[in-house]
Amino acid sequence: MQGFPVPAPAPLPSPKVELKIQCKNLVNKDILSLSDPQVYLYHFDDHTGKWDTRPRAMTERIKDSLNPVFIKNLQVDFRFQTIQRLKFVVYDIDDKHSGNFSDQDFLGEVETDLASIVCGARETGGSVIFDLRSPKHLCEGRAQKNLGQIIIQAEDISPSNTVVNFQIRGLDLTKKGLFKSRPTAYFVIQRVNEDGTFSPVYKSKHIRSEDDPIWKAFSIKGSVLCNGDRQRSLKIEVMNYKDNGAHTLISATKTFTLEGLSRLSFPHSMPLPHVTATSALIFQSYSEIEAPSFLSYITGGIQIGLCVAVDFTASNGRYNDPRSLHYRNPTGVNDYTRAIRTVGDILQTYDSGKKFPVYGFGGRIQGVTHHAFALNNNRMNPEVSGVEGILEAYWKAHSLVELSGPTNFAPVIEQVTRITQESGPNRYTILLIITDGAVTDMDDTIRAIKEASKRPMSIIIVGVGPGQFTNMNILDGDDEDNATKMSRDIVQFVAARDFPLDNAGGELEAALLAEVPDQLVDYMMLNKIRPQPRAYMPVAGAPSNIPVPYSNQYPPSPIPIPHPPVPMAYAPPVAPPVGQAGSLNLSSPYALSPGQHYPPNQPQQLYAASSSWPTSPPMPHGSPVPAQQPNHLSLLGDIPYPPKYPPEYPPLYPPELPRQYPPQHTTQYTAQYPPQHPTPQEQHREPLSTSESHPSSAVSTTDASPQVQIFPVLSRSSGPQTTSNPTEGNDLAKTQ
C-alpha cells in the first residue's frame, strides 16, 4: 500500500547579519569643504547576472568628513547555501535633493561576498579592511589610484523586542578660562565590539551654546543598543559640534551596562572628567519595556486603511498619446494602475470595510486647478469600494479632469491628515502618492509631513516615468539632516522604473511596504498604545464562545466584572425613588433598597458594580418595595446572552412602567438564588398601608381584615393574574 507523501520540511528563517561601516582617508572632492560621504549597498542578482540597479541599503550622510564612522548599520540576510555577492559604493553627496547619482561625486567602491566578510572578521578578531577602487571599466589599462579604505565589521543580530528609554541632560560642560565659549554639545552612545573597539549606535541632536543642555528624550531598540546583551559595555561621549565637521571631544563617561543601570535610582549622575569638578551627565529617567510586534497589533484589531493620490499634471502627457503615463493600452494597464494594484491588493486585506478615499492633484476641473480633489467626483464622500473601485474612478476621471500643474503634495497630505484625526484609535492609514515628477511646494510639503508624522499614518511615494525625481530624498527621514523635521520616519520613496514590469519576484511590494510595520509600531509606542491581547476574559455565566476583549488603554486597566461572579444572574434594573438619584446596591447580589420601585415587565439589564441611575423624571404607577422585603431578586426562566438593549449603559432614564395594573406578567420576589421557601420572618411581616395607592391598584375591603400588599411574579408565560393563599407560605395574597 502506497503511503501518504511526506511534506518537505519548512525552510528555517535566515539569520540576519549586521554590517558596521567606517571609512578612512577618503578622497576630498570638494574645494571649500570636505566630502560628505554616504555608503550604498548593492546585491548581485544571480537570475539576471547583473548588479541591482537600486541600492538595497544605505548609511546616513555625514557632513565634512574624510574618516566617517557611520551610525546606521546595514542588515543582510545570511544564506549559507548561496554565494552572496555584495558591492559597497561610496559617494560624496553634494546635492542631497537629487536622486541622480550623476549629480554626486564618486569616491570608490569594493566588490566582495558576505561569507568573506563574516570569515574575515572572525580571523582578524572584529573587522575586515578593503581598499576602495574605481569601477573596472573606468580604469582599464591604468593603475588604480589610492581612494582610501572601507572597514566592515560583521555581527549576527540577536532578536530582541526590548526598547530602552532615556532622558539625559548635561551639567557644567564649559571649561573654565578667559576665552572659553559655551559648547554646542551633542552626545554619542557607543557599544564595545568583539575586538575591544567601540562603535557608535546613537547620536543626539546638538544644542547650541548651552552650559547645561537638556536633550530630548529618546528611545532605542535593545538590538541596536547592545544587540540584546545586557552585560555589554557602553559609554557616552560628549562632543562639541563644529560647522566645518571638525568636532572635538569634550569628555566621556566610564563604561556601564544596562544591567548596572537597571539597579540604580534616577535621576543619576555620571561624572565627566577633565572639564570641571562638577561636570556630569544626568540620567533624568531610564526604563526598559518590551515592544509589541506588528502582528500583535494586527491580531489585536488594528485596521490598515489606504488613501490614494494620483498626479494629473500636464507632464504626464495627453491621455490619448501612447507615450503618456496615463495612456490606457489594450491590456488596461499603465504605471499608475500597476502601483495602485500592487499596494492595494495587499493593504485591502487589512481593512474590513475596504472603503478607500481617492484623490487627484494637479488637475483642472471646470477651468479651476485643484490639488486635492475627489477622484470619484464626490467631494462629500471620496471613498470607493476596493481596488477595483479605485481603478474605475481613475479611468472615469480621464473624461472629467484636464491635465494641469504644478506638482503640489501638501494639500493632499493635509487632507489625509484630517481624515486620520477623525478616525478611531484602532486605525492606521497609508497614503499612496503616485507622481511623475519632483515636488514644487517643498517647504509646504515638509511642514505637512512634519504634522502628519504625529498622526497614525505613513506616506508611500511611487515615482513613475523617466523623471529624475529631484527633491524626493529630503522627504525621507532616514537622512540625519532631515530627521529633525519630523517626529518619526513616515515617508518611503520608490522609483517604479527600478523594478521589472512583470514584478515576478514581488520586489516592488517589498520595497514599498517594507518600512510600514516598523512605522506603525513606532507610532503606537510613542503614543503608549498597547495592542489588545489575543487572550480573552470570558464573562462569568456567559457562554464560553462569547469573548470579551481587554481594554485597549495603556497601561491596561482592570475589566469591570459583573457581580455576583458565579453564578451570574441577570436582574431587571432597579429605579430609585421618584425624583431622587439612586444606585443598585451590590453588597448582596442585586439587592433592592427600601423605598425603591420595581418596574414590572421591562427589559432585563445586566449591571456591574456601582452602576447608578441618574435623577429620573416622575415615574408612572408602580408598587413600593416594603422595608421587610427580602433583598435578593431572582428571575425565573432563561435569559438570552448577550442582552439586547439600547446603547445607553446605564440607561439615561428608567424604562417606562406599564399603565395598567395588575400587570399581564407575574413576578416573584425570593429570599435567595435559586428560589427557596420563605423564612418565618418573611411569612409574618407587616404589610404596607394602601391608603395612598392609586385607584387602579387599590385593594377593596368590606370588613376589618388586615390589608395586604400585592407582589407581582414574573413568569415565562403571559396570562391572567394568579392567586394563592398566604397561609401556604407564599408572599402573594388573593385579590378581592
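Residues numbered from 1 in each chain as written. Predicted model: local features only at pLDDT ≥ 70, side-chain atom pairs only at ≥ 80, totals over all residues. Heavy atoms only, no water.

Draft legend 1. How the structure looks around the pairing of strand β9 (residues 149-156). The buried fraction of β9 is high, at 6 of 8 residues. Relative to β9, strand β1 (residues 16-24) runs antiparallel, the two being bridged by 8 bridges. Bridging from a neighbouring strand, Gln22 pairs with Ile151 of β9. Sheet topology places strand β8 (residues 127-131) next to β9; 5 bridges connect them, and they run antiparallel. Residue Phe130 lies in a different strand from β9, and its bridge partner there is Ile150. (Buried < 20%, exposed > 50% of the residue type's maximum accessible area, 1.4 Å probe, protein only. Helix = DSSP H or I, 4+ residues; strand = E, 2+ residues; numbered from the N terminus. Pairing = 2+ DSSP bridges.)

Draft legend 2. A look at helix α7 (residues 410-422). In this model α7 runs 19 Å from its N-terminal to its C-terminal C-alpha over 13 residues, within 8% of the 18 Å that 1.5 Å per residue would give. Along α7, the residues classified as buried are Ala410, Val412, Ile413, Val416, Thr417 and Thr420. Projected down its long axis, α7 carries its buried residues within an arc of 165 degrees, all on one side. Tucked inside the fold, the buried residues of α7 contact β18 (303-311), β19 (355-361), β25 (427-435), α8 (442-452) and β26 (457-463). (Expected span 1.5 Å × (residues − 1). Arc of directions from axis to C-beta. Contact = heavy atoms within 4.5 Å.)

Draft legend 3. Spotlight on the environment of Asp195. Topologically, Asp195 is positioned in the loop between β11 (185-192) and β12 (198-203). Looking at Asp195, the relative accessible area reads 35%, which means it is partly exposed. Sequence separation between Asp195 and Ser127 is 68 residues, and the spatial gap between their C-alpha atoms is 8.3 Å. Among the polar contacts listed, one links the side chain of Asp195 to the side chain of Thr197, at a separation of 2.7 Å. (Polar contact = N/O pair within 3.5 Å; in protein donor to acceptor, adjacent residues only side chain to side chain.)

Draft legend 4. Seen up close, the packing of aromatic side chains. Counted according to the given criterion, the structure contains 19 aromatic pairs. An angle of 50 degrees between the planes, with centres 5.5 Å apart, marks the rings of Phe166 and Tyr286 as tilted. Of this pair, Phe166 sits in strand β10 (residues 162-171) while Tyr286 sits in strand β17 (residues 280-290), placing them 120 residues apart in sequence. This pair shows no difference in class: Phe166 is buried, exactly as Tyr286 is. Taken together, the ring pairs in this structure connect Phe166, Phe187, Tyr202, Trp215, Phe218, Phe256, Phe266, Phe283 and Tyr286 into an aromatic cluster. (Phe/Tyr/Trp six-rings, centres within 6.5 Å; stacked < 30°, edge-to-face > 60°.)

Draft legend 5. Spatial organisation of the sheet that holds strand β20 (residues 363-365). Overall, antiparallel pairing links the 3 strands, which are arranged β21-β20-β24 in an open sheet. Two strands bound the open sheet, and with one partner strand each, they are β21 (368-370) and β24 (402-403).

Draft legend 6. Quick peek at the packing of helix α5 (residues 335-347) against helix α6 (residues 386-397). Running from N to C, α5 and α6 point in directions that differ by 160 degrees, and their axes come no closer than 10 Å. When the axis of α5 is compared with that of α6, the two are roughly antiparallel. Crossing geometry of α5 relative to α6 is assigned as right-handed. Listed contacts from α6 to Tyr336, Thr337, Ile340, Arg341, Gly344 and Asp345 of α5 are Val387, Glu388, Ile390, Leu391, Tyr394 and Trp395. Classifying every residue of the contact of α5 with α6 by side-chain character gives 7 nonpolar, 2 polar and 3 charged. (Axes fitted to C-alpha atoms, helices over the stretch in contact; angles between N-to-C directions. Parallel < 35°, antiparallel > 145°, perpendicular 65-115°, else oblique. Left-handed = near helix turned anticlockwise from the far one by under 90°. Nonpolar A, V, L, I, M, F, W, Y, C, P; charged D, E, K, R; others polar.)

Draft legend 7. Looking closely at the nonpolar core. Leu306 and Phe312 are the most contacted members of the largest nonpolar core, which has 52 residues in total. Ranked by residue count, the leading element in this core is α6, at 7 residues. By size, the runner-up hydrophobic cluster in this structure holds 27 residues, among which are Cys307, Ala410, Met442 and Ala448. (Core = buried A, V, L, I, M, F, W, Y, C linked by side-chain atoms within 4.5 Å.)

Draft legend 8. Just the confidence of the model for the protein, in detail. Per-residue pLDDT for the protein averages 75, and the proportion of residues at 70 or more is 65%. Counted against residues more than four places away or in other chains, residues 535-659, with its pLDDT under 50, gives 216 contacts. (pLDDT = per-residue confidence, 0-100.)

Draft legend 9. Seen up close, unusual backbone geometry. The amide bond that connects Phe266 to the next residue, Pro267, takes the cis arrangement and shows omega of 5 degrees. Its place among the elements puts Pro267 in the loop between α3 (258-261) and β16 (268-271). Cis geometry marks the peptide bond from Gly405 to Pro406; its omega dihedral reads 0 degrees. As for its position among the elements, Pro406 is in the loop between β24 and α7. Although it is not a glycine, Ser209 adopts a positive phi angle of roughly 50 degrees. You will see that His274, though not glycine, has its phi angle at about 65 degrees, which is positive. When its relative accessible area of 71% is taken as the criterion, His274 is described as exposed.

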